[in-house]
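So you can see what is in the structure, the chains are spelled out below.
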Number of protein chains: 2
Amino acid sequence: MPTQDTAYRLRQSPPTIGIVGATGAVGGELLSILSERDFPVRELRLFASPRSAGKTLPFHGHDIGVEALRGDSFNGVDLALFSAGSGTAREWAPVAVRAGAIVVDNSSAFRMNPAAPLVVPEINAAEIVRHDGILSVPNCAAIIAITPLWPLHRRNRIRRMIVSTYQAASGGGAAALAELIAATRAHLAGDSHAPRVLPHPYAFNLFSHDTPIDPTTGHNDEETKVINETRKIFGDPDIRIGVTCVCVPVQRAHSAAVTIECERRIDPDEARALIAAAPGCRIVDDPIANHFPMPNDATGIDDILVGRIRRDLSDPSGHSLSLFVAGDQLRKGAALNAVQIAEHLLP
Amino acid sequence: MPTQDTAYRLRQSPPTIGIVGATGAVGGELLSILSERDFPVRELRLFASPRSAGKTLPFHGHDIGVEALRGDSFNGVDLALFSAGSGTAREWAPVAVRAGAIVVDNSSAFRMNPAAPLVVPEINAAEIVRHDGILSVPNCAAIIAITPLWPLHRRNRIRRMIVSTYQAASGGGAAALAELIAATRAHLAGDSHAPRVLPHPYAFNLFSHDTPIDPTTGHNDEETKVINETRKIFGDPDIRIGVTCVCVPVQRAHSAAVTIECERRIDPDEARALIAAAPGCRIVDDPIANHFPMPNDATGIDDILVGRIRRDLSDPSGHSLSLFVAGDQLRKGAALNAVQIAEHLLP
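This write-up is about the structure you can find in this document. (Residues numbered from 1 in each chain as written. Chains lettered and ligands numbered in written order. Predicted model: local features only at pLDDT ≥ 70, side-chain atom pairs only at ≥ 80, totals over all residues. Heavy atoms only, no water.)

Turning next to the overall build of chain A. When its secondary structure is counted, chain A shows 10 helices and 15 strands. In terms of overall size, chain A behaves like a compact globule, its C-alpha atoms giving a radius of gyration of 20 Å where 347 residues would be expected to give roughly 20 Å. With respect to the principal axes defined by its C-alpha atoms, chain A has extents near 65 × 60 × 45 Å. Expressed as a percentage of the 347 residues in chain A, the buried residues total 59%. For chain A, contacts bridging at least 24 residues in sequence account for 67% of all contacts bridging at least 6. (Helix = DSSP H or I, 4+ residues; strand = E, 2+ residues; numbered from the N terminus. Rg over C-alpha atoms; globule rule 2.2 N^0.38 Å. Buried < 20%, exposed > 50% of the residue type's maximum accessible area, 1.4 Å probe, protein only. Contact = heavy atoms within 4.5 Å.)

This is the structure in structure tokens:
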């Protein structure tokens, strides 16, 4: 039911939708998820870099041509879903907004901009109404690590968290995923394979997340995003966060080992019940079958899988728990989260 | 220089050496490392399960036959290096001791037995003299995570550590490694592959360590070993440890993200210098080149690689650091550590 204050919503429904970065890994997921969720679409326009222009992508049984971005590309576009890099977002999102579109951006370009809500709908959908034309989808590792923590934080404030990630190749885009496959295939054939997209050999190997390191903190950009974005999404600038981001030879779905310390005692069973009742999360916590969250199980589904919920044995106070999560970073970590935000924008 | 108290040493040198579990992943490494390090050998005898008996393995240019264990197998054996399971160790190590051998056991059978020293020579070589015939090599994940922590602990006691592991397939033995390769090959060919050795599909997937879960603590056996063995090796029963053990699709070399909290302030540069000066560790910590410890680099070498040494941003007191390590779990995590112990036993 629309409220009186509807200025934050799209100007018409069904909206004309533009996808920027349509040929990328997240772009493909956006097309699937719009279709799966029967998102209303008046017209769909697909944009990508000039080298992808002229390709077509199928949507609802039609082949839609991919266009390069131009100054008038956003004329008539109501909703612009950006899944390109932050450079593209910085350049073109303001153009889209001036043309009257609302932008939902998957890049980091506007995430820490106070005017841009940074939204995981399961956590802070209320922020959506405050936008100024641009809303941001958080970093994929942050979404997957913290969505299951929100029901705990709301009940019993998390004052400290320590996160170690196990991030999939496709978090680095389609080219990184292709490199994992090519490198592994070459390795198994006994051939050499020189890394091109990534800085290190990826076949049966893992490496620290390949984003630049802040010389002051020693943390890479991915880690800094997890820290800063979690504070903004939770609306809690004082939450203390330690994080290590690691790329593992998994195709899809990020995992994370998380230890949290709450203000008060917290019981694993209580945490399990709170997470089980929370939207977007599914408990997979079967010690008898040794079945816990795995990227294979998380791939292609909407829910973040949560398990290994147990006391952190390093904190005798009983305030701390450890858990393990896995979530599809192209879906909940990016495209699904963007479409969920867009659903809140429908008139 | 032999001390007066030499009762803990082997009765002769060169010793006759028996390797139990010679055909396994660690057994093969034992043969390589004995050779690489010119360990004195009077005679080498190889033992394995009856189904491997009759095979031969090369050592110093000779093919040595593999025998099944029998009641008189250890007659004349001075040093028995066990790299079989804990069941085999429990059954046969006492037989070897009764025959006059000193046993260095890679299994968990005797690790928490107060009479059996649990030794990482870089940490507690002094314990070796106390043995009663059996010495234990610690769990591989524990060795790799804590060897680099010892120089810090000695200077500025570590009161809490939180460890997330990234464990290689060969930690589960040669069959687990073969399954990773076969599953990945099948996956890339578009074929199905049913897991046999491991409980979960392993191609481009990861899973919680597949050891039984303690229903009281919710921790698996691997995690419980890291906790209990670290306390015994460090001689510090009060150190508080939280750990999550995860199997990743890496062939060889375990990695771990480690966060430590010390009694007093600790500076990353100070920690780096202490670890750089410690035996068995090598600093790989280049933020400009984004080069940090990786399993690929750790495979086949003796040193544990240590990097990402930085402040834990979740602890404003300055007492906490995070770091990332990678080490060859078949070498330093098992065979090399066993041979290092044996070197201390030479008369």
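Picking up after the structure, the text goes on.
Below, the discussion takes up the interface of chain B and chain A. In this assembly, 63 residues from chain B lie in contact with 62 residues from chain A. Across the chain B/chain A interface, buried area totals approximately 5000 Å², and carbon plus sulfur atoms make up 57% of it. Where chain B packs against chain A, one counts eight salt bridges. For A:Glu223, the salt bridge goes to B:Arg310, with nearest N and O atoms at 3.9 Å. At the junction of chain B and chain A, the tally comes to 31 residue pairs in polar contact (both at pLDDT 80 or more). Taken together, the residues of the side of chain B that touches chain A sort by class into 29 nonpolar, 23 polar and 11 charged. (Buried area = accessible area lost by both parts, 1.4 Å probe. Salt bridge = Lys/Arg side-chain N within 4 Å of Asp/Glu carboxyl O. Polar contact = N/O pair within 3.5 Å; in protein donor to acceptor, adjacent residues only side chain to side chain. Nonpolar A, V, L, I, M, F, W, Y, C, P; charged D, E, K, R; others polar.)

The next subject is the packing of aromatic side chains. Under the counting rule described, the total for this entry stands at 11 aromatic pairs over all chains. Pairing A:Tyr166 with A:Phe324 gives two aromatic rings, centres 5.5 Å apart and planes at 70°, and the pair type is edge-to-face. One end of the pair, A:Tyr166, is in strand β8 (residues 158–166); the other, A:Phe324, is in strand β15 (residues 320–327), with 158 residues separating them in the sequence. Pairing B:Phe74 with B:Phe82 gives two aromatic rings, centres 5.9 Å apart and planes at 15°, and the pair type is stacked. Accessibility assignment for this pair places B:Phe74 and B:Phe82 in one class, buried. (Phe/Tyr/Trp six-rings, centres within 6.5 Å; stacked < 30°, edge-to-face > 60°.)

Look at any regular strand and the pattern is simple: side chains alternate between the two faces of the sheet. All names here are of chain A. Of all nine residues making up strand β12 (residues 254–262), nine are buried, and the element is well covered by its neighbours. Here β12 shows two buried faces, one formed by His-254, Ala-256, Val-258, Ile-260 and Cys-262 and the other by Ser-255, Ala-257, Thr-259 and Glu-261. Pairing analysis gives eight bridges linking β8 to β12, with the strands arranged antiparallel. Bridging from a neighbouring strand, Val-163 pairs with Val-258 of β12. Note that β12 and β15 share eight bridges and pair antiparallel. Looking across to β15, one finds that Ser-255 is bridged to Ala-326. (Pairing = 2+ DSSP bridges.)

To continue, consider the sheet that holds strand β1 (residues 16–20) of chain B. Residues and elements named next belong to chain B. As summarised here, the arrangement of the seven strands in space is β3-β4-β2-β1-β5-β6-β7, forming an open sheet in which the pairing is mixed. Edge positions in the sheet fall to β3 (56–59) and β7 (134–136), since each has one partner strand and no second. On average, each strand axis in the sheet is inclined to that of its neighbour by 25°, with strand direction left out of account. Pairing of β1 with strand β5 (residues 79–82) involves four bridges; the strand directions are parallel. Across the sheet, Gly-18 pairs through a bridge with Ala-80, a residue of β5. Relative to strand β6 (residues 102–105), helix α10 (residues 331–345) is tilted by about 155°, and along the sheet it contacts β5, β6 and β7. (Axes fitted to C-alpha atoms, helices over the stretch in contact; angles between N-to-C directions.)

Here we take up the packing of helix α1 (residues 25–36) of chain A against helix α10 (residues 331–345) of chain A. Residues and elements named next belong to chain A. At a minimum axis separation of 9 Å, α1 and α10 run at an interaxial angle of 50°. Taken together, the axes of α1 and α10 are oblique relative to one another. Helix-helix and strand crossings are classified by hand; for α1 and α10 the assignment is right-handed. The segment α1 lies against α10, with Val-26, Glu-29, Leu-30, Ile-33, Leu-34 and Glu-36 engaging Arg-331, Ala-334, Ala-335, Leu-336, Ala-338 and Val-339. Among the residues forming the contact of α1 with α10, the class breakdown is nine nonpolar, no polar and three charged. (Parallel < 35°, antiparallel > 145°, perpendicular 65-115°, else oblique. Left-handed = near helix turned anticlockwise from the far one by under 90°.)

Each copy superposes on the other: chain B lies on chain A with an RMSD of 0.0 Å after a rotation of 180° and an axial shift of 0.0 Å. Both chain copies can therefore be described as sitting about a two-fold axis. When the interface residues of chain B are mapped onto chain A, 98% of them again lie at the interface, so the same face is used by both copies. (Least-squares fit on C-alpha atoms with pLDDT ≥ 70 in both.)

Take the pattern of salt bridges next. Residue and element names in this part refer to chain A. Applying the stated rule across the entire model yields 50 salt bridges over all chains. Among the ionic pairs, Asp-302 bridges to Arg-37, the shortest N-O distance being 3.7 Å. With Asp-302 in the loop between α9 (295–298) and β14 (304–311) and Arg-37 in the loop between α1 and β2 (43–48), this residue pair connects regions lying 265 residues apart in the sequence. Judged by its relative accessible area of 30%, Arg-37 falls in the partly exposed class. Taken together, the shared-partner salt bridges in this structure form one network comprising Glu-29, Glu-36, Arg-37, Arg-252, Asp-302, Asp-328, Arg-331 and Glu-343.

With that settled, consider the sheet that holds strand β4 (residues 62–68) of chain A. All names here are of chain A. The seven strands lie next to each other as β3-β4-β2-β1-β5-β6-β7, forming an open sheet whose pairing is mixed. The sheet terminates laterally at β3 (56–59) and β7 (134–136), the two strands that pair on one side only. Strand-to-strand twist in this sheet, taken as the mean axis angle between neighbours without regard to direction, amounts to 25°. Bridge count between strand β6 (residues 102–105) and β7: three bridges; the pairing is parallel. Directly across from Val-104, in β7, lies its bridge partner Leu-135. Along the sheet, α10 makes contact with β5 (79–82), β6 and β7, crossing β6 at roughly 155°.

Attention shifts here to helix α1 (residues 25–36) of chain B. Residue and element names in this part refer to chain B. Along its 12 residues, α1 runs 17 Å from first to last C-alpha, staying within 8% of the 16 Å computed at 1.5 Å per residue. Buried within α1 we find Val-26, Gly-27, Glu-29, Leu-30, Leu-31, Ile-33 and Leu-34. Taken together, the buried residues of α1 touch β1, β2 (43–48), β3, β5 and α10. Asp-38, located one to two residues past α1, shows a positive phi value of around 50°. (Expected span 1.5 Å × (residues − 1).)

So, on to the environment of A:Thr259. Its place among the elements puts A:Thr259 in strand β12. Take A:Thr259: its relative accessible area is 9%, and that puts it in the buried class. Along the sequence, A:Thr259 and A:Met161 sit 98 residues apart, while their C-alpha atoms lie 5.6 Å from each other. Setting aside residues up to four positions removed in sequence, A:Thr259 forms contacts with A:Arg160, A:Met161, A:Ile162, A:Asp312, A:Leu321, A:Ser322 and B:Ile162.

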